[in-house]
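The lines below spell out each chain.
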Amino acid sequence: MSSAHSSARLGLRATPEQEAMLRRAADVAHKSLTDFVLDSACLSAEQTLLDQRLFMVTGRQYQDLLDLTVHNAFFDRGFQL
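An unreviewed UniProt entry lists the protein under the name DUF1778 domain-containing protein, with Acidithiobacillus ferrivorans SS3 as the source organism. Heading Sequence similarities (unreviewed entry) of the UniProt record for the protein holds this comment: "Belongs to the TacA antitoxin family."

Below you can see the structure in the form of structure tokens.
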């Protein structure tokens, strides 16, 4: 991810140890500190959102999901909706 087209400004506070670790990791990744922190935060945010266990769907979307599971071995092995 590049900060070339960024428009929002975020701020954070870190201990000296946290800052040093982030700077070392950014160097290893050949990224600026800003790009490293933003990339890492976005990856974590994406995983958090994908890990949600409650999905809000319409009745039609739920039926489509059920239809997909009818003859699917993954679901036949005990996965429960």
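Per the secondary structure count, the protein includes 4 helices and 0 strands. When the accessible surface of the protein is totalled, it reaches about 7500 Å², and 58% of it is carbon and sulfur.

Turning next to the pattern of salt bridges. Tallying each qualifying case throughout the model produces 3 salt bridges. The salt bridge involving lysine 31 is made with aspartate 39; its shortest N-O contact spans 2.7 Å. We note a salt bridge from aspartate 64 to arginine 60, for which the minimum N-O separation is 3.2 Å. Note that aspartate 64 and arginine 60 are positioned in helix α3 (residues 59-69) at a spacing of 4 residues, about one turn of the helix.

Right, let's talk about the confidence of the model for the protein for a bit. Confidence along the protein averages 85 in pLDDT terms, with 81% of residues attaining 70 or more. Per-element mean pLDDT across the protein ranges from 61 in helix α4 (residues 73-76) up to 98 in helix α1 (residues 16-28).

Here is what the cut-offs are and how they apply
Residues numbered from 1 in each chain as written. Predicted model: local features only at pLDDT ≥ 70, side-chain atom pairs only at ≥ 80, totals over all residues. Heavy atoms only, no water. UniProt positions renumbered as here; feature names shortened; annotations may be inferred. Helix = DSSP H or I, 4+ residues; strand = E, 2+ residues; numbered from the N terminus. Areas by Shrake-Rupley, 256 points an atom, 1.4 Å probe, with all protein chains shown as cover. Salt bridge = Lys/Arg side-chain N within 4 Å of Asp/Glu carboxyl O. pLDDT = per-residue confidence, 0-100.

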